Each structure stands twice: as structure tokens, then as C-alpha cells.
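Structure at a glance
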Amino acid sequence: MNELFIQIVLGISIASTPLIFAAIGELVVERSGVLNLGLEGMMIVGAITGFAVQFHYNNVVLAVLASIVAGMMLATVFAFLTQVLLTNHVATGLALTLFGLGVSAFWGRSYSKVTVDRIDAINIPGLSDLPVVGPLVFSYDPLFYLSIMAVFLVWYFLNKTKKGLILRAIGDNHDAAHAIGHKVVRYRFLAILFGGAMAGLGGVYLSLVQVPIWVEGMTAGRGWIALALVVFASWQPFKVIVGALIFGGISILQLHAQGYGVNVDAQYLSMLPYLMTIIVLVTLRVRSKSKSDRVMPHCLGKVFHSTQ
Amino acid sequence: MYKKGLTNSIKVFMTSCILFVSSGAAAEPTKAAFIYIGPTGDHGWTYQHDVGAKYVKKHMGDDVEITTVESVEEGPDAERVMAQLANKGNEIIFTTSFGYMNPTLKAAKRFPNVKFEHATGYKRLDNISTYSARFYEGRHVIGKIAGKMTKTNVIGYIASFPIPEVIRGINASYLAAKSVNPDIQIKIVWVFSWFDPGKEADAAKAMIDQGADIIMQHTDSTAAMMMAEENGMYAFGQASDMGSFGPNAQLTAIIDDWGPYYLQRVQAVRNGTWESIDTFDGVREGMVAFAPLSDRLPADVRAMALQDIGELAAGTLHPFTGPINKQDGSAWLAAGETPPMFPDLLTMDFYVEGIDSKIPQ
């Protein structure tokens, strides 16, 4: 039973990590006032790029870096279109997702029959062997720790650094921020790049940790769950971890429950993440009527033009 | 869902561009189209249909022009794709997933001159044929192998959707395993998707963690096979030979061989002899085949499997031969009795006695 418990916890961490990556990146993007619906596209391009590099060079570090760069390249396209050419965020983001899914399928043609070495869990002599604590704290894959670290860093950046506060100010009122001399476009451009990098990491997690294979469309909607997660977290970094663990937890626990013959309706459970997001949205709405609530970046998704 | 819709519209658009470009081609080839539920790179269900489509092309050469559309959602999208293909002059359209049943029906009524071929369904019209394979014959063989090979007496079964086809597979596997191993237990996990490698892997892992040492799947990707390989467990390829993903894990695979059927049907359209029929072929006709048996099978298990395959090929073995009770204990088949194809097999919505699980509603 103890062993099973540990396996379930590991399973949940594996299901949650790609969501944490994608969501924490998108959180920064949205805090700067940009809505990037291209998460799914950036994730899957990260997944195929990392997989392909791992296949050719068998070097995990290189593969992970490549996936980051791939995510950032797609993000650059998005940033250029929305920040320089001032296109609509929603339409551009959707286009990015379609582009990412298509181009990854095209690139991935020759990789669908091969397998690669996955990124293994770390093993710290002494620590990983401790009873209970060892497997529960010191036995995940390195990317899992990186994702948690990323959340801490984002929290620190947004709340404790001047640049973070400026980024939030831009997200809340880009005209005012611009008026007092902040570089709105530059901040947003960098935020979008960060979002791309994190989405790339989320993608490579799927193709090099969860199952080391490449199949077309393997993100299977996780980018959209991550988008919902940002709202669920009401744009607070730490709540992203909580939300991701709940989302991941539901998907793993329902499989285990079924294996034990517990009568759960899997359809309802798979609806749950979205249902919870809607509930959170409604609650936020109700709350923001009663007091001046600043949870949602006020300029989210609005196009900024400096001469207006 | 939204994005998939868009993706598909774009694919349709691209397909139509290709059709437009190629419509100037030479001497009147027969135009045939295939609609797939997943990507051809799944190395499972869709891949195998595509192998069938390529088989037709190989044998008919310039006499046929084939269009394929991948990853089409089961719903209104599918009907739009069918209409598009019909408008582009395709004379025969193969719709290769159970969920295309109603879209196929609607499209067939709109285009009475186009022949439709719907895989695994049961609704026919003058211009809709249905075809499927007796996959449960394959399940019978792998069920018996599983019953012999398991050490924990637990089989993990990854199921997609609670439709008759999938339930038949579960029942056939369980009955066969039980016939050689009375202690066998089957854990069934529904993932509600035909193709979600991440989820299939999670499901395989969950069942391995719960003590299953043999994984069976009724989903289309190779993820479960990989998980079995990594964890030192056994598994069976689904629809296609997945041996390259699980060289140690794969004991054999059930292979769907659609090629000869597709060739025969497209040629029938070309000759003007096509008519609406219902095909349900199995091991005997070659529509259900097996990947080479693994070297890991002991001689007695291998002999048993070969004997069953031989009897299936000869038509002397039916995987559902009574006495069999339903899960609730009520009688289904009397001793020696075999069920009729319709309604018993084609609409199967119950587990057989001994399965400790419930079919999701």
C-alpha cells in the first residue's frame, strides 16, 4: 500500500508538471496584459524539437534547451504579430496553436517509429534512499524540481522586484504605465518569450518524461487545460501548483479508482477541471463586484498602441 | 474541441486544394477516399487503415486516385468532410471509425450516387456497406496467452469507449484467460479517448502499480506498450505490430488487415458491381492476423496459441461458446451454444460473469 501511495504521488507529479510549466509561463504573459492562446502549439513544437534532438544527439540537456528555444521561436512570431503589428491576441494565439500542431506533425513524420532514452528521476545517494521522505521528496525527475523553482522565481519576480511590479502595472493599465515612461512593448515581448520557453519545457516533459515517444497531437489538449489553470489560480503563482496538482491528481486518481473497480464516472471526472475553472471565474466575478478586485489583469488581451 | 474543428477544416481545405490541383490528371481513375479518426502515425488503428489504402493504390496504380483525411472528429465535422469529399468526385468513401455512423448515414442520404463503407458500424443503406472484423477472435488468442503468462493473475485492460466492439473484446479476453487460469482477475480502465498517449501511459502505469503484469489495450497509440516494456511487463500490440516499441514486452499483436477488402470494394466500384453488403471477417478470411509470437512464450503456450489460431482459421472455434452467464448471473448461452451476430454480439452491452467491474453509462 505504501509503495502504491508513492507510485500514485509520482504519477500525479508527472501528470501535473507539464501543466505547471505551461501555466506559469502563461501567467507571466497574462500579468503583462497579453493573452496567448497559442500554448498548445508552443508545447507541441517543444515536444517534437526536444524529442528530435534527443534522438539525434542523445543529450538530455541539449534536448531541453532545444525545446526552450523552439517554444521561444514560436512565441517570437506571436510577439511580433501582436506587439509590433498590433494584431488581435485571440486570433493570433489560435493561429499559433494551429500552426504549431501542423508544423510539429510535419516535422515529426520521421520520428513516429523511434524511441529515445527518457529523462530519468534523480538519485541523490543517501537522500533518495531515505524511507518515505526519499521517494516522496528526492526522487522526481529534474524537470519537476525546475518547474517548482520556476513558480518560486515567478512569484519573487512579480512581487519582490521592481521590474515585476512594472510588468504588473503594464498589465493593469498599459496607457498609464506608458505615460510614466515604461517600455510596454519591450516588457510584453520579453514576457511572451518567457511564456514560450516555459511552454516548450512543458512540451518536452510530455515527450521525454511522461512517455518517450513522439506522436502527432500528443499534447491532447493540455495547453488548454493550462490556460484554464491560470484563471483557476486567479493569476497567483503558487495557486498554479495547487491547481496543477488537483488537475493532475484527478486524472491519475480516477484511473486508479477504476482499476480498483470503484464506480466513478470517468466522463464527469474529466469534465471537472473545466467545471472548477468556471466556478472560479464566477466566484471571481461575484467577488469583484463587491470590492475593487485586482485579480485579473485589467488590460488582458487589449491591444496597446502608444500613440493613442 | 474548437481547435480540433479548426484544424480539421484547414486540413479539409488543404485536401480540397490538392484535389483541385490534381483534377487535371489523366484517364479517369476511380476516386476513393478514406476518413481517419487519428493520425496515420499512431501505429495502431489508423495506421493500419492507411496501410490498406496504400495496398489499393499499389494494386490499382493509375486506375485509382486516393484521398485520405486524418484526425477527423466524430461529429458534424465528419459529415462536412464527407460532403467535401463527395463534392470532389470521390465515388467511394471509407469512414473508418464507429462514431462516424450517423454522419455517414446523413452524408449517404445527401449523396445517393456515392458509395459509403462504414467500418465497425451496423446501419446500412443502399449506398452504405458496413464492414468489420471479428477482433474478438484475436482477443481470444491473446486472452489465453495472458492467462498462461501472468504471474500476478491480474490483467490490466485499457478501454476506450463503452461501445459493443470494446465490450466484446473485454469479454472475449476474459473468458479465454479464465479458461486456462481460474484465478484470473481483470482490471478495466476507461480512458474515454481512442488516442491520448499521455493518458494511455498513465492508465498502463496505474494498473501496473496495482499489480497487473499484463497489459491489454483497446486504444490506438503505442504508449501502453512502451510503459510495459519499461516496467518489464508484457503487453499485446493493438491493430498493428508494435514490436519495435516493446521488443521484450510484446507477446504478439492483433493485426487488422484491411488491404484485400479495400481493394475488392474499390474494384467493385470501378466495375460497377458494388452493392451494399455487411462484412464481418475474421482469422479465417485473413482480416484478423497476428504478429509473430514472442520468443518469450514457453513451448506449451506457443503450441496452445498456434492451435487456437489454427482452429479459428478452420472455423471450428468460436470464442463465445456456452455455457456463459452474464455478469448478473443470468444465463446467456447454454452449453455448446454460440451467439448470433445480431443482436447478441453486435449490440453487446454487458460483461460476462466473473468480471468485477461496471460498464460506464
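Residues numbered from 1 in each chain as written. Chains lettered and ligands numbered in written order. Predicted model: local features only at pLDDT ≥ 70, side-chain atom pairs only at ≥ 80, totals over all residues. Heavy atoms only, no water.

Points about the sheet that holds strand β1 (residues 30–35) of chain B
All names here are of chain B. Quick reminder of the rule: Think of it this way: DSSP has to see at least two bridges between two strands before they count as a pair. Helix and strand definitions here come from DSSP, where helices need a minimum of 4 consecutive H or I residues and strands a minimum of 2 consecutive E residues; each element is numbered from the N-terminal end. In this analysis an axis means a line fitted to C-alpha atoms, helices contributing only their contacting stretch, and an angle means the value between N-to-C directions, from 0 to 180 degrees.
Sheet architecture is open: 6 strands sit in the order β2-β1-β3-β4-β5-β11, paired in parallel fashion. Sheet topology places β2 (64–69) and β11 (278–281) at the edges, where each strand pairs with a single neighbour. Taken pair by pair, the neighbouring strands of this sheet meet at an average axis angle of 15°, ignoring direction. As paired strands, β1 and strand β3 (residues 92–95) are joined by 4 bridges and run parallel to one another. The partner of A32 across the bridge, within β3, is I92.

As for the domain arrangement of chain B
Residue and element names in this part refer to chain B. To keep things clear, this is the line we draw: Segmentation into domains, and thus their bounds, comes from an automatic or database assignment. Contact criterion: two residues are considered in contact whenever any of their non-hydrogen atoms come within 4.5 Å of each other. By buried area we mean how much accessible surface two parts lose on assembly, using a 1.4 Å probe and totalling the loss over both.
Each domain of chain B was delimited in the assignment, giving domain 1 (26–133 + 258–281) and domain 2 (135–248 + 289–345). Computed from C-alpha atoms alone, the centre-to-centre distance between domain 1 and domain 2 is 28 Å. Domain 1 puts 16 residues into the contact, and the matching count from domain 2 is 16 residues. For the pairing of domain 1 and domain 2, the buried interface totals around 1300 Å² over both sides, and the portion due to carbon and sulfur atoms is 71%. Of all residues in domain 1, H43, W45 and F280 give up the largest surface area on contact with domain 2, accounting jointly for 35% of the area buried on that side.

Considering helix α9 (residues 259–271) of chain B
Residue and element names in this part refer to chain B. Rules: Working rule for helices: expected span equals 1.5 Å times residues minus one. Only protein chains enter the area calculation, which uses a 1.4 Å probe; residues under 20% of their type maximum are buried, those over 50% are exposed, and those in between are partly exposed.
Helix length check: α9 (13 residues) gives 18 Å between terminal C-alpha atoms against 18 Å at 1.5 Å per residue, within 8%. Those residues of α9 lying buried are G259, Y261, Y262, L263, R265, V266, A268 and V269. Of the residues trailing α9, G272 is marked for its positive phi of about 75°.

Some words on a nonpolar patch on the surface
Convention followed: Patches draw on residues past 30% relative accessible area with no salt bridge. Two like charges within 9 Å are joined, as are two nonpolar side chains (Val, Leu, Ile, Met, Phe, Trp, Tyr) within 5 Å. Each accessible area value is a Shrake-Rupley result obtained with a 1.4 Å probe; residue values ignore everything except the protein chains displayed when judging cover. Here a salt bridge means any side-chain nitrogen of Lys or Arg lying within 4 Å of a carboxyl oxygen belonging to Asp or Glu.
Together, I124, L127, L130, V132, V133 and V137 of chain A make up a nonpolar patch on the protein surface, roughly 420 Å² of accessible area in all. Of note, I124 of chain A is situated in the loop between α4 (89–107) and α5 (133–137).

Points about unusual backbone geometry
A cis amide bond, omega 5°, links G322 of chain B with the succeeding residue P323 of chain B. Here P323 of chain B lies in the loop between α10 (299–314) and β13 (324–325). In this model, F342 of chain B is joined to P343 of chain B through a cis peptide bond whose omega is 5°. Structurally, the position occupied by P343 of chain B is in helix α11 (residues 341–345). Of note in this structure, N58 of chain A is not a glycine but carries a positive phi near 50°. Along the chain, N58 of chain A falls in the loop between α2 (39–57) and α3 (60–84). The backbone of A220 of chain A shows a phi angle near 45°, a positive value even though the residue is not glycine. Tracing the backbone through its elements, the reader meets A220 of chain A in the loop between α9 (184–210) and α10 (222–232).

Side note on the interface of chain B and chain A
The line we're drawing: Any N or O atom pair separated by 3.5 Å or less is treated as a polar contact, with the protein-specific requirement of one donor-capable and one acceptor-capable atom, and with residues adjacent in sequence counted only for side-chain atom pairs. Any residue outside Ala, Val, Leu, Ile, Met, Phe, Trp, Tyr, Cys, Pro, Asp, Glu, Lys and Arg is labelled polar, Gly included; the first ten of those are nonpolar and the last four are charged.
With 42 residues of chain B at the contact, the number on the chain A side is 37 residues. Our count for the chain B to chain A interface comes out at 3 salt bridges. The residue E230 of chain B makes a salt bridge to R118 of chain A at a minimum N-O spacing of 2.3 Å. Linking chain B to chain A there are 9 residue pairs in polar contact (both at pLDDT 80 or more). If you list the elements that add at least two residues to the side of chain B that touches chain A, you get α1 (2–22), β7 (185–190), α7 (197–209) and α8 (223–230) of chain B. Ranked by residue count, the leading element in the side of chain B that touches chain A is α7 of chain B, at 9 residues. For the side of chain B that touches chain A, the residue count by class is 20 nonpolar, 10 polar and 12 charged.

Quick notes on the side chain of R188 of chain A
Selection criterion: As used throughout, the charge tally considers Lys and Arg to be positive and Asp and Glu to be negative, leaving His and the chain termini uncounted.
Within the secondary structure, R188 of chain A sits in helix α9. Among buried Asp, Glu, Lys and Arg side chains, R188 of chain A stands out as unpaired, with D175 of chain A the closest opposite charge at 8.1 Å.

Some words on the pairing of β7 of chain B
Residues and elements named next belong to chain B. The buried fraction of β7 amounts to 5 of the 6 residues, a majority that puts the element mostly inside the structure. Inspection of the sheet shows strand β6 (residues 154–159) paired to β7 by 6 bridges, in the parallel sense. Paired with G156 across the strands is K187, a residue of β7.

A word on the sheet that holds strand β9 (residues 234–239) of chain B
Residue and element names in this part refer to chain B. Read across the open sheet, the 6 strands follow the order β7-β6-β8-β9-β10-β12; overall the sheet is mixed. Strands with a single pairing partner mark the edges of an open sheet, and in this sheet they are β7 and β12 (288–290). Across this sheet, the average inter-strand angle for adjacent strands is 20°, counted without regard to direction. Direction of pairing for strand β10 (residues 250–256) relative to β12: antiparallel, over a ladder of 3 bridges. The partner of I254 across the bridge, within β12, is F290. Against the sheet, helix α6 (residues 164–180) touches β6, β7 and β8 (214–217), its axis set at about 170° to β6.

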